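Below are the chains, spelled out letter by letter.
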Amino acid sequence: MWDTLHVNAPSSKELIWVGSSLKDLRRFPEEVRQIMGFASYLAETGSKHPVAKPLKGFRGASVLEVVDDYQSDAYRAVYTLRFAGYVDVLHAFQKKAKRGVATPKRDTDLVCERLEQARLIDAGHRPPAARDGA
């Protein structure tokens, strides 16, 4: 399915890993990392992955999540396009709850915290070195 998507635009947005999101994503299985990486690439180029959808509880479509089910586990990556010129990856996690599809409160709270961190980065209140999630 992915080979039918054509992305002709050069990378136009900078990808920023907020908090431990990159480290957390690196713990995902390779197959899941490929989906999440492709979704990030599409966001950078101004496109949207077919499985990316607005995260409930955040008004509008500026905070999105990519969900991938792999071997009966659910993996999620959350990013925002709220700040011009940037794709901020806010959180990457494995959903542990076996009931329901709602994002657990602790993960939603962390997304809120990291969204505020991204806002501060965008406003220039932290040095650029803090942007890479290291």
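Before reading on, note that the structure itself is shown above.
Residues numbered from 1 in each chain as written. Predicted model: local features only at pLDDT ≥ 70, side-chain atom pairs only at ≥ 80, totals over all residues. Heavy atoms only, no water.

J.: Outline the nonpolar core, listing residues and values.
T.: Judged by nonpolar contacts, the single largest core of 18 residues is most densely connected at L25, F28, M36, V66 and Y79. Mapped by element, the contributors of at least two residues to this core are α1 (21-25), α2 (30-44), β3 (63-70), β4 (73-80) and β5 (86-95). The greatest single-element share of this core, amounting to five residues, is contributed by α2. In contact with F28, not counting residues within four places along its chain, are R33, M36, Y75, R76, A92, F93 and Q94. With 13 residues, the next largest nonpolar core counts I16, F83, F93 and A118 among its residues. (Core = buried A, V, L, I, M, F, W, Y, C linked by side-chain atoms within 4.5 Å. Buried < 20%, exposed > 50% of the residue type's maximum accessible area, 1.4 Å probe, protein only. Helix = DSSP H or I, 4+ residues; strand = E, 2+ residues; numbered from the N terminus. Contact = heavy atoms within 4.5 Å.)

J.: Now, about the packing of aromatic side chains: what can you tell me, with residues and values included?
T.: Scanning all chains against the criterion turns up two aromatic pairs. Seen in terms of ring centroids, F38 and Y41 are 6.4 Å apart; in terms of plane orientation they differ by 20°. Their pairing is stacked. Remark: Y41 and F38 occur in helix α2; sequence separation between them is three residues, near one turn of the helix. (Phe/Tyr/Trp six-rings, centres within 6.5 Å; stacked < 30°, edge-to-face > 60°.)

J.: I'd love a proper account of the layout of surface pockets, names of residues and values included.
T.: Each pocket or cavity is described by its volume, and for the second largest pocket that value is around 160 Å³. What lines the second largest pocket is D24, R27, F28, Y75, A92, F93, Q94, K96, R106 and D107. Elements with a minimum of two residues in the lining of the second largest pocket: β5 and α3 (105-122). Looking at which element gives the most residues to the lining of the second largest pocket, the answer is β5, with three residues. Considering only residue class, the lining of the second largest pocket consists of four nonpolar, one polar and five charged. (1 Å grid on protein atoms, 1.4 Å probe; cavity = no way out; pocket = protein on both sides within 12 Å on 5 of 7 lines; lining within 4 Å. Points joined across faces, edges and corners; volume = space filled by probe spheres on them. Nonpolar A, V, L, I, M, F, W, Y, C, P; charged D, E, K, R; others polar.)

J.: A description of the pattern of salt bridges should follow, citing residues and the corresponding values.
T.: Taken as a whole and assessed by the stated rule, the structure comprises five salt bridges. Put simply, D109 and K105 hold a salt bridge, and the shortest N to O gap is 3.0 Å. Within this pair, D109 and its partner K105 are both found in helix α3, separated by four residues, close to a single helical turn. Note on D109: relative accessible area 32%, which makes it partly exposed. The closest approach of N and O atoms between E116 and R119, which form a salt bridge, is 2.6 Å. Taken together, the positions of E116 and R119, both in helix α3 and three residues apart, correspond to about one turn of that helix. Overall, the relative accessible area of 37% leaves R119 in the partly exposed class. (Salt bridge = Lys/Arg side-chain N within 4 Å of Asp/Glu carboxyl O.)

J.: Any details on α2? Residues and values, ideally.
T.: Quick reminder: α-helices carry 3.6 residues per turn. Residues three or four places apart thus point the same way. Taking 1.5 Å of rise per residue, 15 residues should cover 21 Å, and α2 covers 21 Å from first to last C-alpha, within 8% of that figure. Buried-residue contacts for α2 involve β1 (14-17), α1, β3, β4 and β5. The first or second residue beyond α2 is G46, which carries a positive phi of 90°. (Expected span 1.5 Å × (residues − 1).)

J.: Help me get a handle on the pairing of β5, residues and values and all.
T.: Across the ten residues that make up β5, a large majority, nine, are buried. Here β1 runs beside β5; their pairing, made up of four bridges, is parallel. By the bridge assignment for β5, L15 is matched with V87. As judged from the seven bridges shared by β4 and β5, these two strands associate in the antiparallel manner. Within β5, the position partnered with T80 by the bridge is D88. With antiparallel pairing between neighbouring strands as the criterion, β4 and β5 make up a hairpin whose turn holds five residues, including G85 at a positive phi of roughly 85°. (Pairing = 2+ DSSP bridges.)

The quantities given are spatial measurements derived from coordinates; they are silent on function.
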